[in-house]
Amino acid sequence: MSKGSSTAKAAYAKLQEAARQNWEKLREKPLILVGAATCGRAAGALQLMEEIRNEVQRLGLDVNLLEVGCMGHCYAEPVMVIYNEGFPPICYGYVSEGVGARIVRDFLVDGDPGIEFALAALEPNEMLPTFTDFPRGMHEKKIVMEHCGLIDPQNIEHYIATGGYASLVKALDMAPEEIINVIKSSGLRGRGGAGFPTGIKWETCYNAPGSEKFVICNADEGDPGAFMDRTILESNPHLVVEGLIIAARAVGAIKGYIYVRAEYPLAVQRIALALQQAREAGLLGQSILGTNFNIDIELFQGSGAFVCGEETALIASMEGKPGIPRHRPPFPAVSGLWSKPTVINNVKTLSYIPHIINKGADWFKSIGSEKSPGTAIFALAGKVVNTGLAEVPMGTTLRELIYEVGSGIANGKKFKAVQIGGPSGGCLPEEAMDTPIDFDSLTKAGAMMGSGGLVVLDEDDCMVEIARYFLDFTQKESCGKCTFCRLGTKHMLDILEIITKGKGRLEDIDLLVELATKIKEGSLCGLGKTAPNPVLSTIRYFREEYEAHINEGRCPSLMCKDLIAYYILPDKCERSCDACVGSCPVEAIYSNEDRIKVIDQEKCVKCDSCMVACPPQYKAVVKLSPPHLVAEREKGKE
Amino acid sequence: MEVTITIDGKQIKARKGTMLLWAALDNGIYIPHLCAAREETESPPASCRLCFVEVEGYPAPVTACTLPVAEGMVVNTSSERVNRLVAAGFELIMSNHRLDCKNCPANGNCELQRIAKARKLRLKPKNLPVLHRDLPVDDSAENIVYDPSKCVLCGRCIRACRNHGQSVVGFARRGFERVVTTCGDVPLGESGCDSCGECVKACPVGAMSLKKK
Ligand SMILES: Cc1cc2nc3c(=O)[nH]c(=O)nc-3n(C[C@H](O)[C@H](O)[C@H](O)COP(=O)(O)O)c2cc1C
Ligand code: FES
């Protein structure tokens, strides 16, 4: 192997030399990066690219303009970075139409960096704070996301110039057992949800008899609201590819697959290009870097059922069968694709591999908490100020994540709960905010790490409705194979619907808990085993909201349509303003003899239009729950 | 190779690797089951979730149809925990089964009745409402009547049909809508079904029955 390894080192040195030269050349001119992952594109990144291209041409400037992935500051998109000689690299946010051209003009022609548009500088300097000077940056610790948004995902040279594929070279010089031992002692746990120790999974597969083995990257990412895997694949696909090649080397696989959902067209495109470039560079395919190690990776597009992210269902769907889970054991590591030993790992899990091989197990263990080393990557969503992706060390508390990284609750509202772990996660209240984020603490608190979806809920969110919403998702996504999941979740959903309509009975709460417990215990796969979590956790922490719906027909958050009524406060109504009348689609609002507007409750469809239409200086439209309060108020008036 | 295991205090011998469910049944120990089939040793469907037992050394109840016996295994087929889990699973199945024993061709020869008797369970669900699905009876085949509202989705008819060399019926749709049906949902009579009756023999309940002559 040593002869092979010196060949590999020489071959890699050549690649890296060329890559570095081109990378450095980029900086010879001003360099402009536009964050154009799917999130950036949704905010207008491609138009921004176009605008800048036109402006640069108009001004006759000589610059390098590149489309990159996402740094995680999705809340501020479109985002752009400018490297200009004599200045620190500056990251700009909220670059709306016209602003991009203006910054380029002011900065590159007049030398005015336009700091009013800057989010932060990327390197320490005298002029501007850097991201690490803000609370968010203080908590963030980027491993997987280190280069996301800063390199061109469509150019393998950028990855190589920043140290990419060096870990593969190192791994080619290591025996499979050695690689497995490093991963084992790093304590890395799978980021696909369950937190299974990656090294042990690899070892099991390595030890399984058979010469045909496979490695699969699970990029199905079916959780609504989660987009970490998509962002990584769109921003730095080679990191995942390198991780998968090392996994293949460690377990002795003959073929690798990246299973990505077809609803991620940009990720699909980026992976396909990355694989092609890696092959051309001799990093993938036959005799990698001149050694006798061969592995090819194929892209497989899944058609998007949530349950296809479950590993046995995923494998079934790759074999052309319906995507339905099967009983484990045997685990895929022993009998997976085509009944051959198969390692299946999440995108994020594989993204840590090159870093761990490069910097060692001890380095990885020094980050995060003892039982959950490393970082956690979250997609912050919901009522938090700074939505987007954040990578923080495990052990960071929920409070730090929401209030410091996420900058707290939007619109001055009051925090109510955080839904963590995707549709099968749980809702944790204020009291649980000091829970450290790691696999075991979150499970103990009644939620789970899941894949990293995190939805912040405020006082306007009804916890019964939230539970119903998530259960509606899992119930619809249940494959229907096993009794508990197919029928149990259906019964639970029916009960929740009845409660949100105010027709529940107090015993229904106990029945929900009973059903939930049995579904968790009796279901065949992880979907059923976790689907009841949102219901159980909301009952555990917000039982009084269930009771208000049942006992008083009242939705405390004024969210459940059947339990609220719209009412116009007579002393707040301006009388001569007809905004609400005009906004009502069903002509339910009329003027009484004093020209005060009144809602005809019979006609009202509770569409919210009048509440939106009523000018903010009056705020005369309110929601009341239970609905009969309207009649009481109207009587009181008489 | 033979192994010795203990089920409910009784020592029995079984061939190593046999699934616990069959070892128990072969020795006269009943464990509720709907979906398992002897010939399907590779990957049992394990979908009915009624064959739970408690095995020493396992933290939670396990399905007997998926557990190969091993020397010294100690099994309890009706611990408190197992009984409650099986009762819950059974009630769920019964909440989605059109209960009409008196007029059902399987009356007296029905696995659901047998389970209810063995485990002292009610056929009619106590806590759960009945979930109706409006699925019409299909009596278009020459000799067979298929009543999907009685079907427990065990999949035995599908295997029987396949073993007979046909593949007229299969599973379709997802979640609560899951159903045994023909390709394209055509009536059995137009599906190529030759009325061999294997599905009727396989059906543990009264969903597939022979036409009364
Ligand atoms: C219903 C369901 C959906 C899942 N979806 C995903 C997914 O989208 N991505 C993923 O990586 N793992 C998903 N998993 C977990 C996988 O089954 C598997 O545990 C994971 O891919 C293993 O990788 P890891 O060890 O790197 O975490 C899902 C599990 C269940 C039960
Ligand atoms: S017989 Fe074991 S799950 Fe159906």
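Residues numbered from 1 in each chain as written. Chains lettered and ligands numbered in written order. Predicted model: local features only at pLDDT ≥ 70, side-chain atom pairs only at ≥ 80, totals over all residues. Heavy atoms only, no water.

**Some remarks on the site of ligand 1**
All names here are of chain A. Neighbouring ligand 1 are 18 residues, the closest being Gly 192, Lys 201, Asn 218, Asn 346 and Thr 349. A distance of 2.9 Å separates an oxygen atom of ligand 1 from a polar atom in the backbone of Glu 311. When isolated, ligand 1 has an accessible area of 610 Å², and the protein chains bury 90% of it. Mapped onto the shell around ligand 1, the elements with two or more residues apiece are β9 (342-346) and α21 (526-530). Considering every element that reaches the shell around ligand 1, the biggest residue donor is β9, with 3 residues. Of the residues belonging to the shell around ligand 1, the class tally is 3 nonpolar, 9 polar and 6 charged. (Near = heavy atom within 4 Å. Polar contact = N/O pair within 3.5 Å; in protein donor to acceptor, adjacent residues only side chain to side chain. Areas by Shrake-Rupley, 256 points an atom, 1.4 Å probe, with all protein chains shown as cover. Helix = DSSP H or I, 4+ residues; strand = E, 2+ residues; numbered from the N terminus. Nonpolar A, V, L, I, M, F, W, Y, C, P; charged D, E, K, R; others polar.)

**Description of the pairing of strand β1 (residues 31-35) of chain A**
Residue and element names in this part refer to chain A. Burial analysis of β1 places 5 of its 5 residues in the buried class, the great majority of the element. Neither face of β1 is exposed, since Leu 31, Leu 33 and Gly 35 on one face and Ile 32 and Val 34 on the opposite face are all buried. Note that β1 and strand β2 (residues 64-68) share 5 bridges and pair parallel. If you follow Gly 35 over to β2, its bridge partner there is Val 68. Where β1 lies against strand β3 (residues 80-83), 4 bridges are found, and the strand directions are antiparallel. Residue Leu 33 lies in a different strand from β3, and its bridge partner there is Val 81. (Buried < 20%, exposed > 50% of the residue type's maximum accessible area, 1.4 Å probe, protein only. Pairing = 2+ DSSP bridges.)

**Comments concerning the domain arrangement of chain A**
All names here are of chain A. Domain annotation of chain A identifies domain 1 (5-160), domain 2 (174-364), domain 3 (375-458), domain 4 (463-552) and domain 5 (564-637). On the domain 2 side, the residues contacting the 27 residues of domain 1 number 27 residues. Together domain 1 and domain 2 conceal approximately 2,300 Å² of surface at their shared face, both sides included; 67% is due to carbon and sulfur atoms. A salt bridge links Glu 67 to Arg 270; the shortest N-O distance between them is 2.9 Å. Contributing elements (two or more residues each) for the side of domain 1 that touches domain 2: α1 (2-26), α2 (38-42) and α6 (156-161). Here the side of domain 1 that touches domain 2 takes 5 residues from α1, the largest share from any one element. Of the residues that constitute the side of domain 1 that touches domain 2, the class distribution is 17 nonpolar, 7 polar and 3 charged. (Domains from an automatic or database assignment. Contact = heavy atoms within 4.5 Å. Buried area = accessible area lost by both parts, 1.4 Å probe. Salt bridge = Lys/Arg side-chain N within 4 Å of Asp/Glu carboxyl O.)

**Comments concerning the interface of chain B and chain A**
The interface is formed by 30 residues belonging to chain B together with 28 residues belonging to chain A. Approximately 2,400 Å² of surface area, both sides summed, lies buried where chain B meets chain A, with 63% of it carried by carbon and sulfur atoms. When the buried area of chain B at its contact with chain A is split by residue, Arg 49, Leu 92 and Arg 174 of chain B rank highest and sum to 25% of it. Glu 477 of chain A serves as the salt-bridge partner of Arg 174 of chain B, at 3.7 Å between the closest nitrogen and oxygen. Linking chain B with chain A are 12 residue pairs in polar contact (both at pLDDT 80 or more), by the criterion used here. Per-element accounting of the side of chain B that touches chain A gives the leading share, 7 residues, to helix α2 (residues 80-94) of chain B. In terms of residue class, the side of chain B that touches chain A is built from 15 nonpolar, 9 polar and 6 charged.

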